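# Fold and geometry: a report
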Amino acid sequence: MAIDLHTHSSASDGTETPAVVVQRAVEAGLSTVALTDHDTTLGWEEAADAARAHGIRLVRGIEVSCSRRGQSIHLLAYLPDPKHPALVAELARARDSRDTRLDRMVGKMAEDGIGITVEQVRAEVEEGATAGRPHIADALVTAGIVANRDEAFGRFLGNDSRYYVSHYAPDPVRAVELVRAAGGVPVIAHAWSDTRGRVVDDELVEELADAGLLGLEVHHRDHRPDAVRHLTDLARSLDLLATGSSDYHGTGKLNRLGEHTTAPTVLARIESMASGSVVVEP
Ligand code: AMP
Ligand code: ZN
Ligand code: FE
Ligand code: FE
């Protein structure tokens, strides 16, 4: 039975509620799904209730935004303690900064006559959820300016767009240390995706491994065969776990649940190394 360790709900920029993501995971034939919303654990409780009701295992996680010298790095954190004070504080700081950044991006777009308001963007974000560029995209879709998120990113929201504004995010070494301190298992997400700028270079992966990194997401739709080979070798040489997952965002992206999966032995290692929280059993 398939294991998919990377999905998003409306607690961040997925288009479906946590309960619906879990239901879709069951429909996709998964035995285990991880909910890994950006910089928040907001969806954990709803997802846990749904997992128990639907008879599927739930790995509670977070996709932690990190940044070094302008490069964005995403760190998956599996089974951390959601109440660990330093981790909670760091995530709140990133979410607050994302709110300010969203206002600034909308302001820049308004100067160029792209007429959506901050209120229209806010209307696309669930109460308490992590705000991101996909919500600006949704407001542009609602306003009839673009047809879908992809067109919005292509025309207005990409990393090299004139409207792009960065937000606060911790250095990845600090994030790895925080996740470990919170009893979680840190895994670099889509390290060789080049859809968001540079790939994570090997030196940084080595530095993070020294800091306590435990895995690399190897199988992901943004990774071409050469990337998969490279990351498989790198994981082996640094004694890191190799995972695979869909990075499902509901209807916000083409990614299908279970399109990439993680081996049961790898999940067992993740569970054995985690001490912050446990897998929700059906
Ligand atoms: P942010 O975290 O606000 O910087 O926005 C990045 C998020 O936008 C990531 O979670 C991506 O999955 C999503 N994203 C990036 N490019 C696209 C795209 N072309 N279509 C839909 N979502 C995208
Ligand atoms: Zn996302
Ligand atoms: Fe990501
Ligand atoms: Fe993701």
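Residues numbered from 1 in each chain as written. Chains lettered and ligands numbered in written order. Predicted model: local features only at pLDDT ≥ 70, side-chain atom pairs only at ≥ 80, totals over all residues. Heavy atoms only, no water.

## Digging into the overall build of the chain
How we decide: Only DSSP runs of H or I covering at least 4 residues are called helices, and only runs of E covering at least 2 are called strands; the numbering of each starts at the N terminus. What the globule rule says is 2.2 Å times the number of residues to the power 0.38, and the radius of gyration is computed from C-alpha atoms. Summary of the burial criterion: residues with accessible area below 20% of their type's maximum are buried, those above 50% are exposed, and those between are partly exposed, where the area comes from a 1.4 Å probe applied to protein chains only. Contact between two residues is taken to exist if any of their heavy atoms lie within 4.5 Å; hydrogens are not considered. Within this scheme the basic residues Lys and Arg register as positive and the acidic residues Asp and Glu register as negative, but His and the chain ends are omitted. Positions of charges follow a simple convention, taking NZ of Lys, CZ of Arg, CG of Asp or CD of Glu.
Looking only at helices and strands, the chain has 10 helices and 7 strands in total. A globule of 282 residues ought to have a C-alpha radius of gyration of about 19 Å, and the chain, at 18 Å, matches this closely. Its C-alpha atoms give the chain principal-axis dimensions of roughly 55 × 45 × 40 Å. Every one of the 282 residues in the chain was classed for burial, and the buried ones make up 54%. Expressed as a percentage of contacts within the chain between residues at least 6 apart in sequence, the contacts between residues at least 24 apart total 73%. The average position of the 29 basic charges and that of the 43 acidic charges among the side chains of the chain differ by 2 Å.

## What to know about the coordination of the iron ion (ligand 4)
Selection rule: Metal donors: N, O and S atoms at distances within 2.8 Å, or within 3.2 Å for Na, K and Ca, with water omitted from the atom set so that some sites may seem incomplete.
Taken together, His-6 (NE2), His-8 (NE2), Glu-63 (OE) and Asp-247 (OD) make up the full set of protein donors to the iron ion (ligand 4), lying 2.1 to 2.2 Å away. Mapping the donors of the iron ion (ligand 4) onto the primary sequence yields the spacing H-x1-H-x54-E-x183-D. A spacing of 4.5 Å is found between the iron ion (ligand 4) and the zinc ion (ligand 2). Highlighted residues: His-8 in the loop between strand S1 (2-4) and helix H1 (18-27) and Asp-247 in the loop between strand S7 (241-244) and helix H10 (264-273), separated in sequence by 239 residues. Residue classification places His-8 among the buried positions, given a relative accessible area of 0%.

## Some remarks on the coordination of the zinc ion (ligand 2)
Those donors, Asp-13 (OD), Asp-13 (OD), His-38 (NE2) and His-249 (NE2), are the protein atoms that reach the zinc ion (ligand 2), and they lie 2.1 to 2.6 Å from it. Positions of the donor residues of the zinc ion (ligand 2) along the chain correspond to the pattern D-x24-H-x210-H. The two metals, the zinc ion (ligand 2) and the iron ion (ligand 3), are separated by 5.7 Å. Of the two residues, Asp-13 is situated in the loop between S1 and H1 and His-249 in the loop between S7 and H10; the sequence distance between them amounts to 236 residues. Each member of the pair, Asp-13 as well as His-249, is classed as buried.

## Some words on the pairing of strand S2 (residues 30-38)
Keep this limit in mind: Following DSSP output, two strands are said to pair if at least two bridges run between them.
Of all 9 residues in S2, 9 are buried, a share of seventy percent or more. Two elements, S1 and S2, share 3 bridges in a ladder whose sense is parallel. For Ile-3, the partnering residue across the bridge sits in S2 and is Thr-32. Bridge count for S2 against strand S3 (residues 57-68) is 7 bridges, and the pairing is parallel. Bridging across to S3, Val-33 finds its partner in Leu-58.

## Here's the deal with the sheet that holds S2
For clarity, the threshold we go by: Helix axes are fitted only over the stretch in contact, all axes being lines through C-alpha atoms; the angle between N-to-C directions runs from 0 to 180 degrees.
Overall, mixed pairing links the 7 strands, which are arranged S1-S2-S3-S4-S5-S6-S7 in an open sheet. The outermost strands of the open sheet, each flanked by one partner alone, are S1 and S7. Averaged over all pairs of adjacent strands, the angle between their axes in this sheet comes to 30°, without regard to strand direction.

## Structural notes on the site of ligand 1
Quick reminder of the rule: Near is defined per residue: the residue qualifies when any heavy atom it owns lies within 4 Å of the molecule or strand. Two N or O atoms count as a polar contact when they lie within 3.5 Å, although within protein this holds only if one can serve as hydrogen donor and the other as acceptor, and sequence-adjacent residues are included solely when both atoms are side-chain atoms. For this scheme, ten residues count as nonpolar: Ala, Val, Leu, Ile, Met, Phe, Trp, Tyr, Cys and Pro. Four count as charged, namely Asp, Glu, Lys and Arg, and the remainder, Gly too, count as polar.
Residues in close proximity to ligand 1 total 13 residues, the closest being Arg-98, Arg-101, Arg-133, Asp-150 and Lys-253. One nitrogen or oxygen atom from the side chain of His-38 is found 2.9 Å from an oxygen atom belonging to ligand 1. Only helix H3 (85-111), helix H5 (133-142) and helix H6 (149-157) provide two or more residues apiece to the shell around ligand 1. Broken down by element, the shell around ligand 1 gets its largest block of residues, 3 residues, from H6. Per-class residue counts for the shell around ligand 1 are 2 nonpolar, 4 polar and 7 charged.

## Regarding the packing of aromatic side chains
Condition: Pairing of aromatic side chains requires ring centres within 6.5 Å, counting the rings of Phe and Tyr and the six-membered ring of Trp. Pairs whose planes differ by under 30 degrees are stacked, by over 60 edge-to-face, and all others tilted. In our convention, an over-ring charge means Lys NZ or Arg CZ found within 6 Å of a ring centre and within 35 degrees of that ring's normal.
In the structure shown here, the tally under the stated rule is 1 aromatic pair. Residues Phe-156 and Tyr-163 carry aromatic rings whose centres are separated by 6.5 Å and whose planes lie at 50° to one another, so their mutual orientation is tilted. The lysine or arginine in question, Arg-93, covers the ring of Tyr-168, its NZ or CZ lying 3.7 Å from the ring centre.

## Comments concerning the pairing of strand S6 (residues 215-219)
For S6, a buried count of 4 out of 5 residues is recorded, marking the element as mostly surrounded by other parts of the structure. Here strand S5 (residues 185-188) runs beside S6; their pairing, made up of 2 bridges, is parallel. For Ile-188, the partnering residue across the bridge sits in S6 and is Leu-216. Two strands pair when backbone bridges link them, and S6 and S7 are joined in this way by 4 bridges, in the parallel orientation. If you follow His-219 over to S7, its bridge partner there is Gly-244.

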